[in-house]
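# An overview of the molecular structure
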Amino acid sequence: MRTEISSLTSLDSTYTGSSYSPSTLDSAIDRAKTQLIRRQSQEGYWVFELEADCTIPSEYILMMHYMDEIDEALQAKIANFLRTQQGTDGSYPLYKGGAGDISCTIKVYYAMKMAGDSIQAVHMVKARDWILAQGGGARANVFTRIMLAMFEQIPWRGVPFIPVEIMLLPKWFPFHLDKVSYWSRTVMVPLFILCTYKVKARNPLKIGVAELFVTPPDKERNYFSHVKTPLGKAILVVERMGRLMEPLIPGFVRRKATAKARDWFMERLNGYDGLGAIFTAMVNAYEAMDYLGIPPDNEQRRIARAAIDRLLVVNEDTAYCQPCVSPIWDTGLVALVLQEVDRHERDPHTRQALKSALSWLAGKQLKDEPGDWRIRRPNLPGGGWAFQFGNSYYPDVDDTAVVALALIQADDQAFAENIDRASIWIAGMQSSNGGYGAFDADNTHYYLNHIPFADHGALLDPPTADVSGRCIMFLGKLVNQHPEYRAVIDNCIDYLRNEQEADGCWFGRWGTNYIYGTWSVLIGFESAGVAKQDPSIRKAVVWLKSKQRDDGGWGEGNYSYHNDKIRGEFDVSTAFQTALALLALLSAGELGCPEVEAGVNYLLKSQQADGFWKDESFNAPGFPKVFYLKYHGYDKFFPLWALGRYRNERLAAA
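Quick look at the structure, then. Numbers given for residues are sequential positions, taken from 1 along each chain in its written order. Where totals are concerned, whole chains, interfaces and linings use all residues; where local detail is concerned, this predicted model gives features only for residues with pLDDT of at least 70, and gives and counts side-chain atom pairs only at 80 or more. Side-chain numbers here rest on the full set of heavy atoms in the structure, without hydrogens or water.

### Examining the layout of surface pockets
Going by this rule: Two kinds of site are reported from a 1 Å grid over the protein atoms alone, namely cavities, where a 1.4 Å probe fits but cannot get out, and pockets, open sets with protein on both sides within 12 Å along at least five of seven lines, and residues are called lining when an atom falls within 4 Å of a point. Grid points are joined across faces, edges and corners, and a volume is the space filled by probe spheres set on the points. Only DSSP runs of H or I reaching four residues or more are called helices, and only runs of E reaching two or more are called strands; each is numbered from the N terminus. All residues other than Ala, Val, Leu, Ile, Met, Phe, Trp, Tyr, Cys, Pro, Asp, Glu, Lys and Arg, Gly among them, are scored as polar; the first ten of these are nonpolar and the last four charged.
There is about 780 Å³ of room inside the second largest pocket. Along its surface, the second largest pocket is lined by 25 residues, and Phe161, Ile166, Phe173, Val238 and Glu239 are the ones closest to its centre. The greatest single-element share of the lining of the second largest pocket, amounting to seven residues, is contributed by helix 8 (residues 230–245). Residue composition of the lining of the second largest pocket, grouped by class: 21 nonpolar, one polar and three charged.

Written as structure tokens, this is what we have:
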């Protein structure tokens, strides 16, 4: 075992090493494990709440008014929730503790006004004053402006020109549906219909928000002032030319494009899990179905609405809407946690929980189903898992690596076919640069992020370090029996070496942030057999140790996505990031170093009476800088994983 020479000058000067006995560690693990198993469903899965910012619950209220399907009791509960989330300056942030976001604040204000809040109420005045101070409603992002256009609050010239004829563009054209990410596809296709036909919300109470504009919307000339790059401005000129030429589009062409868009999203409606299994796509599809004349009693339309409602979290006085659900991701990770904890315990209750979970997961594997990923890999057999309960067109590479690893570690011949299919699929989904995206291979048409529609900067799904790390974490367990994967792993390692930051960390695309990315890569390197004395690993270890806080924990905020000079830093320690740092250091062979001991001590001291931990912060980006999430399970099972691995390492070293 190699450990870096460390200096604990940043740690509490009273810390003198392990201040706990083995029985204390065992007790902490047992309490957390017991509580976690109690959360398992009868079917075998775990699913924790997945919270986003206030945009999503606000959009639920807006949808009810768009459709004139207002549930006043539910609306009141959502409005109660929204009021509790307002910042002291009147704004609404994209994550707890973050800076106010104008688009989110506009949607919340509009939703609360629709729910009956007086514009003279203190919270409404504060929100409105803040919005106006930022430049008013014209400064909102594209999706917010599209909503405002549908509610007749701004002219349609204030939104990008996205005609449904996009559906007819050839594959060689610079913009094509196949060139964008899965989430962009599912959101955009029904939106093409809504925007092309300038669909109007029913808005039965005729509620508007003219008071949110500095310049009257009809007179505003700077809706696209955010477009700064030469390429973006050139595309904007082309877009304006297209808008001028729109009257020349033959009627039969528009009808053909509309039919193609309708057929595309109807084919992917995905039952009770909804289009793409994500809220925004599901709402767009539901509203497009209404415009297309599909009647309310139509079964597909009823199911589409039910799919949206299944995302609600309704409590006694409050309610909010999740952007999606994460049962396969949660269950796969919990399985890995319990396998680590039970490595030496061999507890029958844990074994039964694992058996039930893995059987459920095995039954969720996607094999011969159609999927958009096949456009890039038409000859690759299926074998992935989705993120949600059902999302057959969009299996997730990341989920697949986690679930398949859990199946390998079960050492059960019953899962042999699942593992074989998963390994072939993951190996085949590698991008040409050696890395892995989440849902598609080689989704790297970066110029598309310059189009006016893409002001969120999340139109693509390129390879990332964290997903790539988990892919070799999985394939590394198979390479001795399947040497054909050695080249795949080596190419991915080369990609990851190139992605390492100068200070030794890796960016975290799907979890906050550099601590998450570094953990993802180091566990991948360990499984792939990269030597622990490798310079990349040593550099990462030094970086992780340098970010430990005085109390022995680690923390990182989402602001590190906006300012990478503070990567790996936060104003408090969190159980989640402390656990990730510990798992990363243990993967690098750092058992026994003072930093690991201090981190374990932090987790033991911060454990709650119920056996879990409690982090307030959001812990993952949906899209960096634009959309953030809080996985409510992360502060429950990641600390247990770290403590379980630490105990196992100590037992092995004894």
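### Looking at unusual backbone geometry
For asparagine 203, which is not glycine, the phi torsion reads 45° and is therefore positive. The residue asparagine 203 is located in the loop between helix 7 (182–196) and helix 8 in this model. Positive phi outside glycine occurs at lysine 625, with the angle close to 75°. Within the secondary structure layout, lysine 625 lies in the loop between strand 4 (620–623) and strand 5 (627–631).

### Thoughts on helix 20 (residues 575–587)
To keep it simple, the criterion reads: Given a helix with a known number of residues, its expected span is that number minus one, times 1.5 Å. For the exposure calls, accessible area comes from a 1.4 Å probe over protein chains only, and a residue counts as buried if that area is under 20% of its type's maximum, exposed if over 50%, partly exposed in between.
Given a rise of 1.5 Å per residue, 13 residues ought to cover 18 Å, and the 18 Å separating the end C-alpha atoms of helix 20 matches this to within 8%. Counting buried positions along helix 20 gives 13 out of 13 residues, so the element sits mostly inside the fold. Immediately downstream of helix 20, the backbone of glycine 589 shows phi near 85°, a positive value.

### Describing the side chain of aspartate 635
In this fold, aspartate 635 is placed in helix 22 (residues 634–653). Its relative accessible area of 5% is what places aspartate 635 among the buried residues.

### Observations regarding a nonpolar patch on the surface
Our working rule: Within this analysis, patches are made of residues with over 30% relative accessible area and no salt bridge. Like charges are joined at 9 Å or less; nonpolar side chains (Val, Leu, Ile, Met, Phe, Trp, Tyr) at 5 Å or less. Each accessible area value is a Shrake-Rupley result obtained with a 1.4 Å probe; residue values ignore everything except the protein chains displayed when judging cover. By definition here, a salt bridge exists when the distance from a side-chain nitrogen of Lys or Arg to a carboxyl oxygen of Asp or Glu is within 4 Å.
Taken together, Leu244, Met245 and Leu248 make up a surface patch of nonpolar side chains, about 380 Å² in accessible area. Within the element layout of this structure, leucine 248 appears in the loop between helix 8 and helix 9 (251–267).

### Focus on the packing of helix 2 (residues 55–67) against helix 4 (residues 102–114)
For any two helices packed against each other, one specifies the inter-axial angle together with the distance between the axes. The criterion, for reference: Angles run from 0 to 180 degrees between N-to-C directions of axes, and those axes are lines fitted to C-alpha atoms, restricted for helices to the stretch in contact. Note that the term roughly parallel is reserved for angles under 35 degrees, roughly antiparallel for angles over 145, roughly perpendicular for angles of 65 to 115, and oblique for everything else. Crossings are classed by handedness, with left-handed meaning an anticlockwise turn of the near helix from the far one by less than a right angle and right-handed meaning a clockwise turn. Contacts are residue-level and defined by heavy atoms, with any inter-residue pair within 4.5 Å sufficient.
Close contact between helix 2 and helix 4 brings their axes to 9 Å; oriented N to C, the two are set at 45°. With respect to each other, helix 2 and helix 4 are oriented oblique. Relative to helix 4, helix 2 is oriented so that their crossing is left-handed. Residues Thr55, Ser58, Glu59, Ile61, Leu62 and His65 of helix 2 lie in contact with helix 4, whose contacting residues are Cys104, Lys107, Val108, Tyr110, Ala111 and Met114. Its residues placed into classes, the contact of helix 2 with helix 4 shows seven nonpolar, three polar and two charged.

### Regarding the nonpolar core
Cut-off, in case you're wondering: Only buried residues count toward a nonpolar core. Its members are Ala, Val, Leu, Ile, Met, Phe, Trp, Tyr and Cys residues joined through side-chain atoms within 4.5 Å.
Tyr60, Phe265, Tyr436, Phe474, Phe525 and Phe638 are the most contacted members of the largest nonpolar core, which totals 224 residues. Sequence-distant contacts of phenylalanine 525, that is, excluding residues within four places in its chain, are made with Ile472, Ile493, Leu496, Trp506, Val530, Ser536 and Ile537.

### Re the packing of aromatic side chains
Heads up, the condition is: In this scheme Phe, Tyr and Trp rings, the latter by its six-membered ring, pair at centre separations within 6.5 Å, and the angle between planes marks the pair as stacked below 30 degrees, edge-to-face above 60, and tilted otherwise.
Following the criterion strictly, the structure yields 34 aromatic pairs and no others. With a centroid separation of 6.0 Å and 55° between ring planes, the pair formed by tryptophan 172 and phenylalanine 173 is classed as tilted. Residue class for phenylalanine 173 comes out partly exposed when judged on its relative accessible area of 31%. Considering the side-chain rings of tryptophan 506 and phenylalanine 525, the 5.8 Å spacing of their centres and the 90° angle between planes classify their relative orientation as edge-to-face. Separated by 19 residues along the polypeptide, tryptophan 506 in the loop between helix 17 (486–499) and helix 18 (514–528) and phenylalanine 525 in helix 18 bring together distant segments of the chain. Here tryptophan 506 falls in the buried class, since its relative accessible area comes to 0%.

### Re empty space enclosed by the protein
Overall, the coordinates contain seven cavities of 30 Å³ or more when judged by the stated rule. Estimated volume of the largest cavity: approximately 250 Å³. Around the largest cavity, the lining is made up of 16 residues, and of these Glu59, Met147, Met150, Val283 and Asn284 lie nearest the centre. Listed by contribution, the elements that provide at least two residues to the lining of the largest cavity are helix 2, helix 6 (142–150) and helix 10 (279–291). Here the lining of the largest cavity gets five residues from one element, more than from any other, and that element is helix 10. The residue inventory of the lining of the largest cavity, partitioned by class, reads eleven nonpolar, two polar and three charged. As a volume, the second largest cavity reaches approximately 90 Å³. As for the second largest cavity, its lining consists of Trp156, Val159, Pro160, Phe161, Ile162, Pro163, Cys195, Thr196, Lys198, Arg243 and Glu246. Class assignment for the residues of the lining of the second largest cavity results in seven nonpolar, one polar and three charged.

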